[in-house]
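# Report on the structure
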Amino acid sequence: HSRWPGLIAAYRDRLEGAADWEPVTLFEGGTPLVPAPHLSELTGCEVYLKVEGANPTGSFKDRGMTMAMTDAKYRGQKAVLCASTGNTSASAAAYATRAGMSCAVLIPQGKIAMGKLAQAVMLGAKIIQVDGNFDDCLELARKVTSDFPEVGLVNSVNPARIEGQKTASFEICDVLGKAPDVHALPVGNAGNITAYWRGYREYYADGRTNGLPRMLGVQAAGAAPLVNGAPVSNPETIATAIRIGAPASWNGAMEAKEQSGGTFRAATDEEILEAYRLIAATEGVFVEPASAASVAGVLAARKEGWLDSGLTVVCTVTGNGLKDPDTALLGMPQVQAIAVDPVAIARELELA
Ligand code: F0G
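Reference entry: report on the structure contained in this document. Within any chain, residue numbers begin from 1 and follow the written order of that chain's sequence. Where totals are concerned, whole chains, interfaces and linings use all residues; where local detail is concerned, this predicted model gives features only for residues with pLDDT of at least 70, and gives and counts side-chain atom pairs only at 80 or more. Each side-chain value is worked out from all heavy atoms of the structure, with water and hydrogens disregarded.

### Notes on the packing of helix H3 (residues 61–74) against helix H4 (residues 87–99)
What counts as an axis is a line fitted to C-alpha atoms, over the stretch in contact for a helix, and the angles between N-to-C directions run from 0 to 180 degrees. We count a stretch as a helix when DSSP gives it H or I for four or more residues in a row; a strand needs E for two or more, and each element gets its number in order from the N terminus. For the pair H3 and H4, the least separation of the axes is 9 Å and the interaxial angle reads 40°. Between H3 and H4, the crossing angle belongs to the class labelled oblique. In this structure, the crossing between H3 and H4 has a hand that is right-handed. Judged by residue contacts, Lys61, Asp62, Met65, Thr66 and Met69 of H3 engage Asn87, Thr88, Ser91, Ala92, Tyr95, Ala96 and Ala99 from H4. A class-by-class count of the residues in the contact of H3 with H4 yields 6 nonpolar, 4 polar and 2 charged. Angles are sorted into four bins: roughly parallel if under 35 degrees, roughly antiparallel if over 145, roughly perpendicular if 65 to 115, and oblique for all others. In this scheme, a crossing is called left-handed if the near helix is turned counterclockwise away from the far one by less than a right angle; it is called right-handed if the turn is clockwise. Contacts are assigned to residue pairs that have any heavy atoms within 4.5 Å of one another. Charged means Asp, Glu, Lys or Arg here, nonpolar means Ala, Val, Leu, Ile, Met, Phe, Trp, Tyr, Cys or Pro, and polar covers whatever is left, Gly included.

This is the structure:
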């Protein structure tokens, strides 16, 4: 086995503009497609988790960032900017460092998970907390990069981001030997669902698969503009990664839904947290809350009959559970320390 070369090297001939690039890379992509026996049992489907938390900075954003940052390097840019609910900023900070560029991130104050903030700090980004939500931050980032074009915008409105992220679909088809019947993923700014659908279409058009999945986009109930059919001005959800009211890739998301015969669903915070705990407790995969929305959506869709048994279903779990320790420890009782005493430990384990 040779080492996984990173996704630009792996899929170079399928990536717009990448033919001659020397990539800015942390060897992202090549993430595991993990069978989920418990979820399969629950649904009567063959369920897989595409574990994107296994990327270098712990989320799928790295797929887009290797492309966006390599593109920025060849454009001669020295600085990049993004708006972020946390994962994009962590990824941008890491890849900017690799590229020798400076990076600034606009984040909604108090609304990003601790692990993500820690990453941006350690990776040397200039962190600007904004008294507003993600949508406000993205509007600011667009305005500033349009006024100062020497600064690159590395949100998913940057076409290179979508190009990179579509490679997850290639990997899934390569492993399954076919396209899944249904692909579920959490949707916030809607770049990722746009990217996956592009990836599936390209592989299909190229004869690499003989089918296309139906796309199931899942939003948090308090931030579900694509379900409601209109932007949400005050998005709220415990899944801070997808606390977004005005998705930039609205059209891409609608196209994915309509062309694939798919649907958008809303999952309540309660359903998201339930799925979050279920995935960890039964599959051994610890994801962040937003990521669990994909699984919450599949469980609800199965219950309501949108999803038939016997299908092959892939859920993208977009980010690592370590990103958000506060939510993981929510409601944990204070525990009393046990004495340094094997008898006391045995008693605690109900062995004696
Ligand atoms: N899951 C996670 C863990 C995310 O961080 C995001 C987006 C999504 C899902 C939704 O993906 O926006 O392409 O529909 N996070 C962005 C960020 C907004 O700033 O990190 P999307």
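Structure's up, so let's keep going.
### Quick word on the site of the ligand
Neighbouring residues of the ligand: 20 residues in total, closest Thr85, Gly188, Asn189, Ala190 and Thr318. The protein chains shown are the only cover counted for residues, whose accessible areas, like all others here, come from Shrake-Rupley with a 1.4 Å probe. Taking 480 Å² as the accessible area of the ligand by itself, protein coverage stands at 99%. In this analysis, the protein atoms alone were mapped onto a 1 Å grid. Cavities are point sets where a 1.4 Å probe fits without being able to get out; pockets are open sets with protein on both sides within 12 Å along at least five of seven lines; lining residues have an atom within 4 Å of a point. What decides whether a molecule sits in a cavity or pocket is whether more than half of its atoms lie within 2 Å of the grid points. More than half of the atoms belonging to the ligand lie within 2 Å of the grid points that define the largest cavity. If you list the elements that add at least two residues to the shell around the ligand, you get H4 and helix H9 (191–205). When the residues that make up the shell around the ligand are grouped by side-chain class, the tally is 8 nonpolar, 10 polar and 2 charged. A molecule or strand has a residue near it when one of that residue's heavy atoms lies within 4 Å.

### Notes on the environment of Lys303
Along the chain, Lys303 falls in helix H13 (residues 289–303). Each residue's exposure class comes from its accessible area (1.4 Å probe, protein chains only) as a fraction of the maximum for that residue type: buried when under 20%, exposed when over 50%, partly exposed otherwise. Overall, the relative accessible area of 77% leaves Lys303 in the exposed class. Counting along the chain gives 297 residues from Lys303 to Gly6, while the straight-line C-alpha distance between them is 38 Å.

### Quick notes on a nonpolar patch on the surface
A patch consists of residues exposed above 30% relative accessible area that lack any salt bridge, with like charges linked at up to 9 Å and nonpolar side chains (Val, Leu, Ile, Met, Phe, Trp, Tyr) linked at up to 5 Å. Salt bridge criterion: a side-chain nitrogen from Lys or Arg within 4 Å of a carboxyl oxygen from Asp or Glu. A contiguous nonpolar surface patch, about 400 Å² in accessible area, is contributed by Ile338, Ile345, Leu349 and Leu351. Inspection of the secondary structure puts Ile345 in helix H15 (residues 342–348). The class for Ile345 is partly exposed, based on a relative accessible area of 37%.

### Some thoughts on the nonpolar core
Residue types Ala, Val, Leu, Ile, Met, Phe, Trp, Tyr and Cys, when buried and joined through side-chain atoms within 4.5 Å, form a set referred to as a nonpolar core. Ranked by size, the top nonpolar core spans 49 residues in total, and within it Met69, Val80, Val154, Ile193, Tyr200 and Met215 carry the most contacts. Contributing elements (two or more residues each) for this core: helix H1 (7–11), H3, strand E3 (79–83), H4, strand E4 (102–108), helix H8 (167–176), H9 and helix H11 (250–260). Beyond its immediate chain neighbours, meaning those up to four positions away, Met215 contacts His183, Leu185, Ile193, Tyr196, Trp197, Tyr200, Ala256, Ser260, Gly262 and Thr263. Grouped together as the second largest cluster of nonpolar side chains are 34 residues, Leu216, Ile272, Ala293 and Val313 included.

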